[in-house]
Structure formats: structure tokens, C-alpha cells
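Structural overview
Chain by chain, the residues run as shown.
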Amino acid sequence: VLMFPIFYFIYRSKMLSPDITCPDWIQLASKVSFLNNITYLEKVIFTMLIIIFLFVSLTFIGIFVYPNFIKKLIFGLSKWKILSRWKSYIIEFSEEIYTTSKRYKQKNRYFWLKLVFYTILSWSGRYMVGVAIVWGFSVIPIDFWNVYAKQYSLWIMFYLPTTPGSSGLAEALFMSFYCPYFSTGMSGAVAFIW
């Protein structure tokens, strides 16, 4: 949520642009018809980014600003007849939100600095896996930061609930973003390894 706008400011639509002229992509798109419409990708990524931002903001407000309100809201959901089957779980979850809020408010700055540092390190490492794979199989020099920035676009697309784990769509997007870096016929295999 924080890094994507920074990379977008630097790379603009270059970090969102698939290469639909690559031979491997053309072959894949001929077999899977909905992929021919990949030009809508930028709108989908920004829509997903807004949804993620709203969810993160709501969670932050719920845990750090108004925990009682969120507890009561979630508890109120347990009264809905359609959710009665999970009533005990919903009530437990509302209590856990409140408990989490109380515990987090007691933490010192050092705890938060460590948490932020390790979170950034973890997510950066996740994106670096894609960069390492592209670099390892590339037949041309890569623009490291552009490849890294495109990983942010790919991971945002994973939140789109298409299939379990967004499998299939993820590999297709990987192919469309990085196909020019690989020998003809290799992008599907590299996407699979990724």
C-alpha cells in the first residue's frame, strides 16, 4: 500500500504494462480467450489497491483508534440469523480484536520499529524472489528496479479472487510482464518455477 504509489510515481504505467507482442504471450492468449483483454489491467490493479487501502485503514482504525466500536460491530454480526452457525467464532473474534488492541497500545516504540523493519524486510524478500528468477533466466540485461516494481503489480493482482491462490492468473501475468526477458518458449516454464 505504501510502496506501490512510490514506484508508480517513478515508473508510471511502465510498471503495469504487459508485453502482449511477445510470442509466448500470443500463443497463450490464443488458447485462453479472456487474456486477450489484458489492457484493462491497470484499472484492475488500482481498484484492488483502493480496496486493500480501505481494508487496511479500517483494520488500523478498528485496532488502534476505535476498538470498542469494532468489537460491538463484529459482535452485532453474530446476531444475524444467516451467521448463527458461526456465532461462537464471531464472538471470540470480536473479543480477540479488543484484546489485541489493548496489548498493542502497551507496546513501546522499539517494538514498533522492529515490527516495521521486519515487515518491510519480509515483503521485500518476497518480491526479490521474482526478481532473482527473472535475472536468473533472462537472456537480456534487466532493469532491476522496474522488474522489482512490476512485482508489486503482480502481488496486488493476487488479491483478485479468481481461483484458489489466484493460480493460473498469476502465471499468465508473470508471462505477460517478463516474457521479453526470456528465450521464446521459456516464459511459461519460468512462470511455473516462480
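Residues numbered from 1 in each chain as written. Predicted model: local features only at pLDDT ≥ 70, side-chain atom pairs only at ≥ 80, totals over all residues. Heavy atoms only, no water.

1. Describing the overall build of the protein chain
Selection criterion: Only DSSP runs of H or I covering at least 4 residues are called helices, and only runs of E covering at least 2 are called strands; the numbering of each starts at the N terminus. It is over C-alpha atoms that the radius of gyration is taken, and the globule rule equals 2.2 Å times the number of residues to the power 0.38. The rule is simple: take the accessible area with a 1.4 Å probe, protein chains only, and divide by the maximum for that residue type; under 20% is buried, over 50% is exposed, in between is partly exposed. Here, residues are in contact when the closest pair of their heavy atoms is within 4.5 Å. The Shrake-Rupley method, run with a 1.4 Å probe sphere, supplies the accessible areas, and residue values consider only the shown protein chains as cover. Under the convention used here, Asp and Glu are negative, Lys and Arg are positive, and both His and the chain ends fall outside the count. Lysine's charge is taken at NZ, arginine's at CZ, aspartate's at CG and glutamate's at CD.
In terms of regular secondary structure, the protein chain is built from 9 helices and 0 strands. Listing each helix as α and each strand as β along the protein chain from the N terminus yields α-α-α-α-α-α-α-α-α. In terms of C-alpha radius of gyration, the protein chain reaches 21 Å, well past the compact-globule figure of 16 Å for 194 residues. Within the protein chain, the fraction of its 194 residues that count as buried is 32%. Within the protein chain, contacts between residues at least 6 apart in sequence are counted, and of these 66% link residues at least 24 apart. Of the roughly 12,700 Å² of accessible surface on the protein chain, a fraction of 68% belongs to carbon and sulfur atoms. Of the side-chain charges in the protein chain, 18 are positive and 8 negative, and the distance between the mean point of each set is 14 Å.

2. Things to note about helix H4 (residues 67-77)
Selection criterion: In this context, the arc is that of the directions from the helix axis out to the C-beta atoms.
The complete set of buried residues in H4 reads Pro67, Ile70 and Ile74. Buried residues along H4 cover an arc of 65 degrees about the axis, so they all sit on one side. For H4, the exposed residues lying more than 90 degrees away from the buried face are Phe69 and Lys72.

3. Some points on the packing of aromatic side chains
Aromatic ring pairs are defined here through the distance separating the ring centres and the angle between the ring planes. Operational definition: Only the six-membered ring of Trp is used, alongside the rings of Phe and Tyr, when aromatic pairs are assigned; centres must lie within 6.5 Å, and planes under 30 degrees apart are stacked while those over 60 apart are edge-to-face, with the rest tilted.
Under the criterion given, the structure shown has 27 aromatic pairs. Consider the rings of phenylalanine 111 and tryptophan 112, whose centres lie 5.1 Å apart with planes at 85 degrees: the pair is edge-to-face. When the centroid spacing of 6.5 Å and the interplanar angle of 90 degrees are considered together, the rings of tryptophan 123 and tryptophan 155 count as edge-to-face. Of this pair, tryptophan 123 sits in helix H6 (residues 109-137) while tryptophan 155 sits in helix H7 (residues 144-157), and the two are 32 residues apart along the sequence.

4. Here we look at the layout of surface pockets
To keep it simple, the criterion reads: Here a cavity is any set of points on a 1 Å grid over the protein atoms alone where a 1.4 Å probe fits but cannot get out, and a pocket is any open set with protein on both sides within 12 Å along at least 5 of 7 lines; a residue lines the site when it has an atom within 4 Å of a point. Grid points are joined across faces, edges and corners, and a volume is the space filled by probe spheres set on the points. Just so you know the grouping, Ala, Val, Leu, Ile, Met, Phe, Trp, Tyr, Cys and Pro go in nonpolar, Asp, Glu, Lys and Arg go in charged, and all remaining residues, Gly too, go in polar.
The calculated volume of the largest pocket comes to roughly 1,200 Å³. Around the largest pocket sit 28 residues that line it, and Val1, Leu2, Val56, Thr119 and Trp123 are the ones nearest its centre. For the lining of the largest pocket, the secondary-structure elements that each account for two or more residues are helix H1 (3-11), helix H3 (41-65), H6 and H7. Sort the elements by how many residues they give to the lining of the largest pocket and H3 lands first, with 9 residues. Across the lining of the largest pocket, the residue classes break down as 24 nonpolar, 4 polar and no charged. Considered as a void within the structure, the second largest pocket measures approximately 210 Å³ in volume. In terms of lining, the second largest pocket is formed by Phe55, Leu58, Thr59, Gly62, Ile63, Ile70, Leu73, Ile74, Leu77, Phe93 and Ile97. Elements represented by at least two residues in the lining of the second largest pocket include exactly H3, H4 and helix H5 (87-105).

5. So, the nonpolar core
Defined as follows: Take the buried residues of types Ala, Val, Leu, Ile, Met, Phe, Trp, Tyr and Cys, join any two whose side-chain atoms come within 4.5 Å, and each joined set is a nonpolar core.
Phe4, Met15, Phe174 and Tyr178 are the most contacted members of the largest nonpolar core, which has 38 residues in total. Going through the elements one at a time, H1, helix H2 (23-31), H3, H6, H7, helix H8 (169-178) and helix H9 (187-193) are the ones with two or more residues in this core. In this structure, methionine 15 is in contact with Phe4, Phe7, Tyr8, Asn146, Ala149, Lys150, Tyr152, Ser153 and Phe177, ignoring residues within four places of it in sequence.

6. Overview of the pattern of salt bridges
The line we're drawing: Each reported salt bridge corresponds to a side-chain nitrogen of Lys or Arg within 4 Å of a carboxyl oxygen of Asp or Glu.
Enumeration according to the criterion identifies 1 salt bridge in this entry. Here lysine 71 and glutamate 95 are joined by a salt bridge, their closest N and O atoms 3.3 Å apart. Of the two residues, lysine 71 sits in helix H4 while glutamate 95 sits in helix H5, which places them 24 residues apart along the sequence.

7. Points about the environment of leucine 154
Note on placement: leucine 154 falls in helix H7. When the C-alpha positions of leucine 154 and glutamine 27 are compared, they lie 21 Å apart, and in sequence the two are 127 residues distant. Once residues within four sequence positions are removed from consideration, leucine 154 is found in contact with Ala170, Leu173, Phe174, Phe177, Tyr178 and Trp194.

8. Quick notes on the state of the cysteines
Cut-off, in case you're wondering: Disulfides are defined in this document as cysteine sulfur pairs within 2.5 Å.
As enumerated under the stated definition, the model contains 1 disulfide in all. A sulfur-sulfur distance of 1.7 Å marks the disulfide that ties cysteine 22 to cysteine 179. Taking the sign of the torsion about the S-S bond as the criterion, the disulfide between cysteine 22 and cysteine 179, at about -50 degrees, is left-handed. Of this pair, cysteine 22 sits in the loop between H1 and H2 while cysteine 179 sits in the loop between H8 and H9, and the two are 157 residues apart along the sequence. On the basis of relative accessibility, which here comes to 1%, the residue cysteine 179 falls in the buried class.

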